[in-house]
Amino acid sequence: MGNMMGIIQLDGAKTMLKELSDRRPAAALPMAGRYRLMDFALSSMVNSGISHVGVLLSNKARPVFDHLRSGKDWDLARHREGLVYLPSDLDGHQVPTTLATIYHNLDYIKHSKADYVLLAQADTVYNIDFRPVLLFHQNTGADITMIYSRAKSDLPGDAVAMKIAGDGCVNDIAKQLTATKGSNDFLGIYLMARDTFVKIVSMAFERGGSDLLVDGIIRHMNDYSIYAYEHKGFVSRVNSTMAYFNANKEILNHEVWDELFMGDNPIHTKTKDAAPVQYKESARVTNSLVANGCEIYGEVENSVLFRGVKVAPGVKIRDCIIMEQCQIEENAMLRDVICDKNVIISADQWLKGSENYPLVVAKGTVI
Amino acid sequence: MSKTKCVAMILAGGQGSRLGALTKNIAKPAVPFGGKYRIIDFPLSNCTNSGIEKVGVLTQYRPLELHSYLGTGDTWDLDKSDGGVFILPPYARDKGADWYKGTADAIYQNLNFIDMVDPEYVLVLSGDHIYTMDYAKMLAAHRANKADVTIGVFEVPWEEAPRFGILNTDKKDGRIVEFEEKPSKPKSNLASMGIYIFNREFLDKYLKTDASDETSSHDFGKNIIPNMLKNQARIFSYKFEGYWKDVGTIESLWQANMDLLQDEPPFSINSSWNIYSANPSLPPHFVGADADISRSMINEGSMVLGTVSHSVLSAGVKVGKGAKVTNSVIMPFAVIEDNAVVDHAIVAQNSVISASAQVLGEPGAIAVVPEGETVEAADSGQQVS
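Quantities reported herein were computed from a predicted structural model and do not represent experimental measurements.

### Focus on the overall build of chain B
Piece 1. In terms of regular secondary structure, chain B is built from 8 helices and 31 strands.
Piece 2. Dimensions of chain B along its principal axes, counting C-alpha atoms only, are 65 × 50 × 40 Å.
Piece 3. Expressed as a percentage of its 385 residues, the buried residues of chain B come to 58%.
Piece 4. Contacts in chain B between residues at least 24 apart in sequence constitute 55% of all its contacts with a sequence separation of at least 6.
Piece 5. When the accessible surface of chain B is totalled, it reaches about 15,100 Å², and 48% of it is carbon and sulfur.

Given below as structure tokens:
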């Protein structure tokens, strides 16, 4: 008895992601050179033996379809179960809440063969094995298990802090505007029996609720036994432009890179057929992550280059995130800049953001 | 199965004995190339890019890794409901079993496959050449010439011509008048690329005749083509312009990898003529703070903390601190530990060059570290095999 169904929630705290999430949900943000944020939750599920994953669709679904397609790249293109899209059935112009979308797909979830539902808000970088979480859940006899990590530093932006007793029992849950260093920072991942999940969602939505956590759980703290499971590995929550910038830069550390990507549980993503990176004679690259398809003549330091980026001779790139297919032309200089996809920085342009306020260049811009 | 214009048959059964240690456990077409690819990715990608959707791959020598790599053919978009990749190893019949005795015999033994696909033309390819070629253009020439056979030819330097099968053509229309295997005094410098288009019925007839000839070595170059010439068949040459390399030897395999590192590579693996290859789930490669990389190609999952110059690194390769890799080809998941030195070498999959060990080859004598081997600092020096 341990069959889990995964449900992926794509929207995060997008308010502080500004132009980066104009046309994509937080979970579709490009990350670490070749991934999108949702890959981390999705791959963790698949690597934990979950072969039935529902994706709750938001109103910006195109990048999501484009990325996930049949689910084949995650081994989720299956005759039975596999990847399913859970769209919202609400009419009108109103953007449905996640709770409403779940509620409208509740029939599907009710009829699944899963004993448990693992719901994950896919706006966080991690590589978690959910099998020990299930064991923990079964051992504690909890109704709901919530996964958290200790905040390694203050992180501004939407946060959920938890008070946890010595045995892991959760005494209090609070939504806050900042996660303080050392606090029990909820990662947006819940595990519960399918029936419990169905009950919580119905109770909350049918009584006018709009938020699963607040209306389904916090208001009914006394009705459920809630336990917290600590994930001790690497975590980076992406809830603002700054957090996005930092999350990418934290992966520029070969121990983090190794932990996330090179263990027994790989992070899967949509495959593309780019050639290996071509370093030319004049290239000078240090402390960087470079994805296939790049062609490098210039200098790159402390930066993440996504697939197919061209770095011309004389270019200097430092502390930057350069997304897919950007072209940085001769002698351009970039520092503390995030270039969204398909940006062209013309020759001799100098662009500078600040260490604590990166300059974001919107998708497709020519400068 | 629906009617097919052209089926491709890729000869991928050769041992590749001249690649020595590199083909101890795997067939030559499965040997890694260019940091990301395997040799067979080139003919397979050419097929898919040329619109050929039914491809037979004839395997024989050490086929396990090759078979598992081919899988459903989805890597090359060849997982079609009406076509795709067909893996064709030798098999037993009611009257016993035979290995493929030669290139022609391999096709002969699979005439039932060709009957099933029912094509008008059969394109025969080898699984051990590096090149990008549009077979559709060659097929168009074949049809325009109303040829029985068209052979892909490539202009080689005159001094190298005696190493190849040389085709002497009628200058006017490219019709082949004579075929000479490794001539000492070549009359032309047009070498056969081992790429043939046959009219299916025509091929069928010759293969059946050849099969019953006990003196034949059942080889296209030695038997089939000379027999066809003898009978005045319409055999035409199709001149291929571009990069073509037989990577059958350690030297040529190394050289073909190095060719990719030129300022203007002789052919692009990053063009719209995609070379497809399996994409393992590996992250972008990591470059350390003290790394120094120039004129190199590096694939995903690698980690470079030391110096890499004029080299090709495959997926998952580690180059430790202070290590130096120059003029070398490093195959998947090999580890070059701290302060090790590798020069003019091919380091095969999963091998380890221990800390401070040295693997030093030189031009004309490329060092080879076989798959899975560990080179200790004590046994450093020249490792030519």
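Following the structure, the description resumes.
### With respect to the overall build of chain A
Piece 1. When its secondary structure is counted, chain A shows 9 helices and 28 strands.
Piece 2. Over its C-alpha atoms chain A spans a radius of gyration of 21 Å, differing by no more than 12% from the 21 Å that the globule rule assigns to 367 residues.
Piece 3. Dimensions along the principal axes, computed over C-alpha positions, put chain A at roughly 65 × 45 × 45 Å.
Piece 4. Taking all 367 residues of chain A together, the buried fraction comes to 58%.
Piece 5. At a minimum sequence separation of 6, the contacts of chain A that also span at least 24 residues come to 57%.
Piece 6. When the accessible area of chain A is evaluated, it comes to approximately 14,700 Å², of which 47% is carbon and sulfur surface.
Piece 7. The averaged location of the 44 negative side-chain charges in chain A is 2 Å from the averaged location of its 39 positive side-chain charges.

### Here we look at the interface of chain A and chain B
Piece 1. Counting from both sides, the interface comprises 37 residues of chain A and, opposite them, 38 residues of chain B.
Piece 2. Both sides of the chain A and chain B interface together cover about 3,100 Å² of buried area, and 50% of this is carbon and sulfur.
Piece 3. Seen at the junction of chain A and chain B, the total is 3 salt bridges.
Piece 4. Looking at the side of chain A that touches chain B, the elements with two or more residues in it are helix H9 (254-261), strand E14 (277-279), strand E15 (284-286) and strand E16 (288-290) of chain A.
Piece 5. The element that contributes the greatest number of residues to the side of chain A that touches chain B is H9(A), accounting for 4 residues.

### Here we look at unusual backbone geometry
All names here are of chain B.
Piece 1. One non-glycine residue, Arg-62, adopts positive backbone phi at about 35°.
Piece 2. For Arg-62, the location among the structural elements is in the loop between strand E4 (54-58) and helix H2 (64-70).
Piece 3. When its relative accessible area of 45% is taken as the criterion, Arg-62 is described as partly exposed.
Piece 4. Within the chain, Gln-232 stands out as a residue other than glycine whose phi angle is a positive 60°.
Piece 5. Within the secondary structure layout, Gln-232 lies in the loop between helix H7 (220-230) and strand E14 (235-239).

### Focus: the sheet that holds strand E31 (residues 374-375) of chain B
Piece 1. Across the sheet, 11 strands lie side by side as E28(A)-E25(A)-E22(A)-E19(A)-E16(A)-E16(B)-E19(B)-E22(B)-E25(B)-E28(B)-E31(B); this open sheet has mixed pairing. Edge positions in the sheet fall to strand E28 (359-361) of chain A together with E31 of chain B, since each has one partner strand and no second.
Piece 2. Sheet topology places E16(A) next to strand E16 (residues 285-287) of chain B; 3 bridges connect them, and they run antiparallel. Following the sheet pairing, A:Leu289 is matched in E16(B) by B:Phe286.
Piece 3. Running over the sheet, H9(A) touches E16 of chain A together with E16, strand E19 (303-304) and strand E22 (318-319) of chain B and is turned about 170° from E16(B).

### Some details on the sheet that holds E14(A)
Piece 1. Read across the open sheet, the 10 strands follow the order E26(A)-E23(A)-E20(A)-E17(A)-E14(A)-E18(B)-E21(B)-E24(B)-E27(B)-E30(B); overall the sheet is mixed. Of all strands in the sheet, those with a lone pairing partner are strand E26 (344-345) of chain A together with strand E30 (367-369) of chain B, marking the two edges.
Piece 2. Direction of pairing for strand E21 (residues 312-313) of chain B relative to strand E24 (residues 329-330) of chain B: parallel, over a ladder of 2 bridges. Paired with B:Val312 across the two strands is B:Val329, which belongs to E24(B).

### Things to note about the pairing of strand E9 (residues 155-164) of chain A
All names here are of chain A.
Piece 1. Here E9 runs beside strand E10 (residues 170-179); their pairing, made up of 8 bridges, is antiparallel. Within the sheet, the bridge partner assigned to Pro-156 lies in E10 and is Thr-178.
Piece 2. Following E9, the chain reverses through 5 residues before pairing antiparallel with E10; Gly-168 in that reversal takes a positive phi of roughly 95°.

### Observations concerning the domain arrangement of chain A
Residue and element names in this part refer to chain A.
Piece 1. Here chain A is partitioned into domain 1 (4-261) and domain 2 (278-361).
Piece 2. Put simply, the middle of domain 1 and the middle of domain 2, counted by C-alpha atoms, are 32 Å apart.
Piece 3. Contact residues are listed per partner, giving 20 residues for domain 1 and 22 residues for domain 2.
Piece 4. Buried surface at the junction of domain 1 and domain 2, both sides included, amounts to about 1,800 Å², of which 66% is carbon and sulfur.
Piece 5. Of all residues in domain 1, Gly-33, Phe-245 and Leu-252 bury the most surface against domain 2, accounting for 34% of the area lost on that side.
Piece 6. Inspection of the region where domain 1 meets domain 2 yields 2 salt bridges.
Piece 7. The partner of Lys-249 in a salt bridge is Asp-319, with the nearest N and O atoms 2.7 Å apart.
Piece 8. In this structure, the connection of domain 1 to domain 2 is made through 3 residue pairs in polar contact (both at pLDDT 80 or more).
Piece 9. At the level of elements, strand E2 (30-31), strand E3 (35-36) and helix H8 (241-250) are the ones that each hand at least two residues to the side of domain 1 that touches domain 2.
Piece 10. When residues in the side of domain 1 that touches domain 2 are grouped by element, the largest group, 6 residues, is from H8.
Piece 11. Its residues assigned to classes, the side of domain 1 that touches domain 2 comprises 11 nonpolar, 3 polar and 6 charged.

Cut-offs and rules
- Residues numbered from 1 in each chain as written.
- Chains lettered and ligands numbered in written order.
- Predicted model: local features only at pLDDT ≥ 70, side-chain atom pairs only at ≥ 80, totals over all residues.
- Heavy atoms only, no water.
- Helix = DSSP H or I, 4+ residues; strand = E, 2+ residues; numbered from the N terminus.
- Buried < 20%, exposed > 50% of the residue type's maximum accessible area, 1.4 Å probe, protein only.
- Contact = heavy atoms within 4.5 Å.
- Areas by Shrake-Rupley, 256 points an atom, 1.4 Å probe, with all protein chains shown as cover.
- Rg over C-alpha atoms; globule rule 2.2 N^0.38 Å.
- Lys, Arg positive; Asp, Glu negative; His and termini not counted.
- Charge placed at Lys NZ, Arg CZ, Asp CG, Glu CD.
- Buried area = accessible area lost by both parts, 1.4 Å probe.
- Salt bridge = Lys/Arg side-chain N within 4 Å of Asp/Glu carboxyl O.
- Pairing = 2+ DSSP bridges.
- Axes fitted to C-alpha atoms, helices over the stretch in contact; angles between N-to-C directions.
- Domains from an automatic or database assignment.
- Polar contact = N/O pair within 3.5 Å; in protein donor to acceptor, adjacent residues only side chain to side chain.
- Nonpolar A, V, L, I, M, F, W, Y, C, P; charged D, E, K, R; others polar.

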